[in-house]
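Close look at the chain arrangement
Here is how the chains run, residue by residue.
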Amino acid sequence: MAANMSTSSQTQDFIPVLLGSDVNVYGMARSFHEAYGIPSVAIGKGLLGATSNSRIVSVKVVEPNLEDDAVFCDTLIKFASRYPKEQTLLLVPCGDNYIKLLVRNQDKLRSYYRFECIDEELLMRLSIKESFYEVCTEHGFAFPKTTTCTFENYKTVELPFDFPVIIKPSNSVAYWNCKFPHKKKVFIAESKQEFDAILNAIYGSSYKDHLILQEYIPGDDSNMRVMNCYSGKDKKVKLIALGNALLEEHSPEGIGSYAAIINSVDKELSERMKNFLEDIGYIGFSNFDMKYDPRDGQYKLFEMNLRQGRSSFFVTAAGYNLAKFLVDDVIYNKPMDCVIASNKVLWSIIPKKIIFQYVKDPKVKEEAKKLIREKKFCRSLYYAPDRNIKRRIYFAKNQMSYYQKYRKYFGNKGLHE
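Residues numbered from 1 in each chain as written. Predicted model: local features only at pLDDT ≥ 70, side-chain atom pairs only at ≥ 80, totals over all residues. Heavy atoms only, no water.

With respect to empty space enclosed by the protein
Using the criterion set out here, one finds four cavities of 30 Å³ or more in the structure. Along the wall of the largest cavity there are 20 residues; nearest its centre are P93, I99, E116, G284 and F285. Where the lining of the largest cavity is concerned, the elements lending two or more residues are β4 (88–93), α3 (96–104), β12 (284–293) and α11 (322–330). Per-element tally for the lining of the largest cavity: the top contributor is β4, with four residues. A per-class count over the lining of the largest cavity returns 16 nonpolar, two polar and two charged. (1 Å grid on protein atoms, 1.4 Å probe; cavity = no way out; pocket = protein on both sides within 12 Å on 5 of 7 lines; lining within 4 Å. Points joined across faces, edges and corners; volume = space filled by probe spheres on them. Helix = DSSP H or I, 4+ residues; strand = E, 2+ residues; numbered from the N terminus. Nonpolar A, V, L, I, M, F, W, Y, C, P; charged D, E, K, R; others polar.)

Side note on the sheet that holds strand β2 (residues 40–44)
Read from one edge to the other, the open sheet built from four strands follows the order β3-β2-β1-β4, with strand pairing classed as parallel. Only two strands of the sheet have a single neighbouring strand rather than two, namely β3 (57–62) and β4. This sheet shows a mean twist of 30° between the axes of neighbouring strands, independent of strand direction. Where helix α1 (residues 23–36) meets the sheet, its contacts fall on β1 (14–19), β2, β3 and β4, and the angle it forms with β1 comes to roughly 165°. Strand contacts of helix α2 (residues 69–80): β1, β2, β3 and β4, with the helix running at about 155° to β2, the strand carrying the most contacts. (Pairing = 2+ DSSP bridges. Axes fitted to C-alpha atoms, helices over the stretch in contact; angles between N-to-C directions. Contact = heavy atoms within 4.5 Å.)

A word on the state of the cysteines
Simply put, disulfide is the name for a covalent bond between the sulfur atoms of two cysteines. Enumeration over the complete set of coordinates arrives at zero disulfides. Of the cysteine sulfurs around C178, a residue in no disulfide, the closest is that of C149, at 13 Å. (Disulfide = S-S within 2.5 Å.)

Some words on the nonpolar core
Core analysis: the largest hydrophobic core is formed by 69 residues, its most contacted members being L18, F32, L90, L246 and I350. For this core, the leading source of residues is α1, giving eight residues. In this structure L18 touches V25, M28, A29, F32, S40, V41, A42, I43, V92 and C94, once residues within four positions along its chain are discounted. Ranked by size, the runner-up nonpolar core spans 50 residues in total, among them V41, Y98, F132 and I212. (Core = buried A, V, L, I, M, F, W, Y, C linked by side-chain atoms within 4.5 Å. Buried < 20%, exposed > 50% of the residue type's maximum accessible area, 1.4 Å probe, protein only.)

Notes on the layout of surface pockets
As a volume, the second largest pocket reaches approximately 210 Å³. As for the second largest pocket, its lining consists of 13 residues, of which P84, K85, Q87, S111 and Y112 are closest to the centre. Split into classes, the residues belonging to the lining of the second largest pocket amount to six nonpolar, four polar and three charged.

Quick look at the sheet that holds strand β8 (residues 211–215)
Ordered in space as β5-β8-β6-β7, the four strands form an open sheet in which the pairing is antiparallel. Each edge of the sheet is formed by a strand with only one pairing partner; in this case those strands are β5 (146–149) and β7 (187–189). Across the sheet, the mean angle from the axis of one strand to that of its neighbour is 30°, orientation sign disregarded. As paired strands, strand β6 (residues 165–169) and β7 are joined by three bridges and run antiparallel to one another.

Here we look at helix α6 (residues 129–138)
For an α-helix the count is 3.6 residues per turn, leaving residues at separations of three or four pointing the same way. Burial within α6 is extensive, with seven of its 10 residues counted as buried. Within the sequence span of α6, burial applies to K129, E130, S131, F132, Y133, V135 and C136. Where the residues of α6 are buried, they touch α5 (120–127), β5, β6, β8, α9 (267–280) and β13 (298–305).

Describing unusual backbone geometry
A cis amide bond links F163 with the next residue in sequence, P164, at an omega value of 0°. As for its position among the elements, P164 is in the loop between β5 and β6. Even without being a glycine, H182 presents a positive backbone phi close to 60°. For H182, the location among the structural elements is in the loop between α7 (172–176) and β7. Even without glycine at this site, N333 takes up a positive phi of about 55°.

Topic: the packing of α3 against α5
The contact between α3 and α5 brings their axes to 9 Å, and the two run at 155°. Compared by their axis directions, α3 and α5 come out roughly antiparallel. The two elements α3 and α5 meet at a crossing, and its hand is left-handed. Each of I99, K100, V103 and R104 in α3 lies in contact with α5, whose residues at this interface are E120, L123 and S127. Looking at the contact of α3 with α5 residue by residue, the class counts come to three nonpolar, one polar and three charged. (Parallel < 35°, antiparallel > 145°, perpendicular 65-115°, else oblique. Left-handed = near helix turned anticlockwise from the far one by under 90°.)

Set out below in structure tokens:
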């Protein structure tokens, strides 16, 4: 399903330049193509399957050292020089590292690209998890009981709550660049023995920043929620879309990423998030991970991503095109009221069979079946205008790989596979 397939009648007067090459980049490229009928170009560290052999996005520059500030600026300025000065290039970061690079170097790039972003002080407050939880406290948002440990004290740290314990990096960019056996995005330690083994493995790598240690919120994947927002350059929220996760990924590299989502609405939560974003003066896409805690009936915030998430295409699929909100604000300066997304769609990166095999809640399964019957089902990578033979083969292999991943990893939370 593509819920927003109409193409704008406007002449192409801008080119989307996407930073990255993953499934998030493809989702944004598809949003631009659905809204305006135009292809995007991308600049990234490497070539990935999601954006390969595509008619709607082409990776024009591959620069392995793109995370270096000087290389980042030099690469983007040289790329912009390929186009006439009157050509509008809309710059869209699609990863944590890219938004940080853009914020740090925004003054050097504004004469070459159109974009809007926050300042570095606000970025640091929101992107480092310890300070983000301080912001949550200031604005009355609940989050799991949390402590931290450092490279200096991790062997003696005492936990103020019981096992199981969530272990995740405070600095996601530094963690992304480290390597160690059985690495996962997030760990769950069921015992002190597992806890010690995980911390030894992480700090045995190049990662030396803080780790976030949190209580485990009970409940399966369907208790997870994801909220995507867009805040205009006037610092007013223009879009709020809430998703109810059916399943997350469970492979080491994918754990914590959403695999299937159905849109939902919570007006009270939406109003609180709107007030929060406007109070802090936020600009651009934001993505919040949270979990419903059945013990007290509250949503507990895990983190805020200063970008659209890899699952954010569920918003476009429901009829609220992410690219259009961005373009209307940054390119066309259109006045916009705040929209709370209410249309429903089943978005998935996994085969339907896996959804019905692993989702436990019968009510959630029935709602998923109903949306499929109504043809309100969407997979980001399965896009009719972009289904050449090479992409068909890639998509088939991609879908088959999930059967093996779920058989191997579903329910496996610790260090060893």
